Amino acid sequence: MATDTLSPPPVGADPAITLVDVVKDFGGVRGGAAVRGVNLTIAEGEFFSLLGPSGCGKTTTLRMIAGFEEPSGGQILLHGRNMVGVPANKRDINMVFQSYALFPHLSVADNVAFGLRRRRVPKSEIRDRVDRILRTVELAEKADHRPRQLSGGQQQRVALARALVNRPRALLLDEPLGALDLKLRQSMQLELKRIQREVGITFIYVTHDQAEALTMSDRIAVMNGGLIEQVASPQEVYERPATAFVAGFIGTSNLISGRLTTAGPEGGVIDLGDGQRITVPPSAAPTAGSGVQLTVRPEKITLTTGPAGDASRVRGTVSEVVYLGTSTSYTVATSTGAEMTVFQPNDGTASAVPARGDTVWLSWATAHSYPLGSTPAAPAASGAAGRAVPDSGSLTPR
Ligand SMILES: Nc1ncnc2c1ncn2[C@@H]1O[C@H](COP(=O)(O)OP(=O)(O)OP(=O)(O)O)[C@@H](O)[C@H]1O
Ligand SMILES: [Mg+2]
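Here the structure is a predicted model, which means the values were calculated and not measured.

A. The arrangement of the pattern of salt bridges in detail. Applying the stated criterion across every chain yields a total of 16 salt bridges. Three or more residues joined by partner-sharing salt bridges are found here, namely E138, R157, E191, R194 and E198.

The following block contains the structure:
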């Protein structure tokens with residue numbers, strides 16, 4: 001299941017952080033470890049996100065990298081050095097938390113200078129470094145303010161400046177925007193990305209918000225139940241999800257499983273009868289009778305009133321129409337009994353604008369039937385006509 005966990009970082013970059021078979025078992029009664037064998041290679045200067053649902057082990061992984069938690073097994077290397085037994089304050093790494101805990105009685109500048117003063121950095125150097133980092137986070141004019149005089153986003157930028165002023169080689173951020181409202185969070189996402197580019201250090205960013213991970217990351221590791229399911233660029237995890245879990249967790253996805261009626265070098269077909277069929281790219285069409293699992297993104301599907309020429313086409317009845325501004329979301333009960341979700345852009349190009357209860361045809365190009373992996377070929381005994389039918393519940397939107 002864990003596909004592609006060792007996908008290499010971008011070419012030419014030194015690995016900043018390497019995790020080899022990292023396990024963390026808190027010894028809970030349920031027995032399952034929080035992190036069950038994570039392998040990762042993160043490049044210097046990369047914006048890398050750990051994305052996954054609550055409890056999947058993101059924070060635990062981050063805390064092990066930071067040195068707040070010792071792994072139960074495996075190795076963590078920072079710039080090639082094994083970190084086992086190296087305390088957090090010797091790791092050249094800083095962490096920014098969701099609750100940024102600024103000192104309320106200190107000014108913005110003093111909050112940022114705090115760590116440098118403790119390390120007895122010369123006064124003039126402290127002034128220079130604080131000035132520069134406050135300019136980077138665009139808070140130079142707030143240097144003398146107290147934290148309570150700042151907005152949530154500004155406070156978060158102070159927390160960021162406080163970590164960056166130490167010039168760590170990597171910064172670990174655990175849901176740092178979680179406390180902000182949606183609008184502010186979105187503008188801070190772009191800010192964070194700009195700041196990361198400007199300072200050029202490695203960011204490992206933890207979030208359970210897929211839109212946030214897609215917006216900011218060079219690469220994303222999608223975690224589930226203490227394991228990594230896929231490591232890839234935002235576009236790849238969206239367009240080419242490795243597993244059904246990734247397909248369902250990132251955006252909306254229609255899952256299709258069925259058995260191939262025919263298969264050949266040009267690809268395969270699941271014939272649903274009545275002129276309905278699902279076409280499958282050659283990579284996912286081993287032999288007739290094979291079980292396949294596919295994902296189709298809602299925006300790749302076109303709605304028409306009659307059968308369209310596109311490779312895959314399925315008939316259904318519209319059961320729900322939701323206007324979303326830039327697009328409209330249609331839920332369609334297909335003739336196989338399962339529901340599919342379709343997004344049509346509201347740009348005036350739609351060839352059909354159906355209402356609830358209308359019969360429609362869904363069609364999409366073969367390339368958009370993206371394979372999630374195949375199951376072993378079925379025994380030949382399934383039906384005299386040899387017509388493969390999809391497994392029950394075969395079209396499942398997620
Ligand atoms: N100190 C601890 N002692 C025992 N179990 C723990 C400890 N910390 C975390 N866990 C367990 O390990 C699992 C992973 O927790 P973790 O905090 O890493 O999840 P997460 O992915 O960060 O989730 P969230 O998105 O909710 O923050 C959970 O089942 C959690 O209950
Ligand atoms: Mg967490």
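On we go.
B. Geometry of the site of ligand 1. Within the structure, ligand 1 sits among F26, A34, P53, S54, G55, C56, G57, K58, T59, T60 and E175. Contact between ligand 1 and C56: an oxygen atom at 3.2 Å from a main-chain N or O atom of the residue. The protein chains hide 57% of the 630 Å² of surface that ligand 1 would expose on its own. Classifying every residue of the shell around ligand 1 by side-chain character gives four nonpolar, five polar and two charged.

C. Expanded view of the packing of aromatic side chains. Considering all chains together, one arrives at four aromatic pairs under this definition. Where F47 meets F203, the ring centres are 5.5 Å apart and the plane angle is 45°; that geometry is what we call tilted. Residue F47 is located in strand β3 (residues 47-51), and its partner F203 is located in strand β8 (residues 202-207); the two are separated by 156 residues in the primary sequence. Note on accessibility: F47 and F203 belong to one class, buried. A centroid spacing of 5.5 Å and a plane angle of 15° characterise the contact between F245 and F249, whose relative ring orientation is stacked. Of this pair, F245 and F249 both sit in helix α8 (residues 244-249), separated by four residues, roughly a single helical turn. Among the residues examined, F245 registers a relative accessible area of 17% and is labelled buried. Among the aromatic residues, ring-to-ring pairing joins F47, F203 and Y205 into one connected group. The positively charged end of R297 is found above the aromatic ring belonging to Y238, 4.0 Å away from the centroid.

D. The arrangement of the nonpolar core in detail. Within the largest apolar cluster, 36 residues are counted, with the highest numbers of intra-cluster contacts made by L134, L160 and L171. Only α2 (108-118), α3 (123-136), α4 (152-164), β7 (170-174), α5 (182-199) and β8 provide two or more residues apiece to this core. Take this core: its biggest share by element is six residues, from α4. Apart from residues no more than four positions distant in its own chain, L160 is found in contact with V96, V137, L171, L173, L192 and I195.

E. Representation of the sheet that holds strand β5 (residues 81-82) within the structure. Pairing is antiparallel in the open sheet, where four strands are placed in the order β2-β1-β4-β5. Edge positions in the sheet fall to β2 (35-43) and β5, since each of these pairs with one other strand and no more. Judged from the five bridges that link them, strand β1 (residues 15-24) and strand β4 (residues 73-78) form a sheet pairing that is antiparallel. Considered in β4, the bridge of I17 is made with L78. The sheet strands contacting helix α1 (residues 58-66) are β1, β2 and β4, and the helix crosses β1 at an angle near 120°.

Cut-offs used in this document
Residues numbered from 1 in each chain as written. Chains lettered and ligands numbered in written order. Predicted model: local features only at pLDDT ≥ 70, side-chain atom pairs only at ≥ 80, totals over all residues. Heavy atoms only, no water. Salt bridge = Lys/Arg side-chain N within 4 Å of Asp/Glu carboxyl O. Near = heavy atom within 4 Å. Polar contact = N/O pair within 3.5 Å; in protein donor to acceptor, adjacent residues only side chain to side chain. Areas by Shrake-Rupley, 256 points an atom, 1.4 Å probe, with all protein chains shown as cover. Nonpolar A, V, L, I, M, F, W, Y, C, P; charged D, E, K, R; others polar. Phe/Tyr/Trp six-rings, centres within 6.5 Å; stacked < 30°, edge-to-face > 60°. Helix = DSSP H or I, 4+ residues; strand = E, 2+ residues; numbered from the N terminus. Buried < 20%, exposed > 50% of the residue type's maximum accessible area, 1.4 Å probe, protein only. Lys NZ or Arg CZ within 6 Å of the ring centre and 35° of its normal. Core = buried A, V, L, I, M, F, W, Y, C linked by side-chain atoms within 4.5 Å. Contact = heavy atoms within 4.5 Å. Pairing = 2+ DSSP bridges. Axes fitted to C-alpha atoms, helices over the stretch in contact; angles between N-to-C directions.

From the geometry alone we can't say anything about function, so treat these as descriptive.
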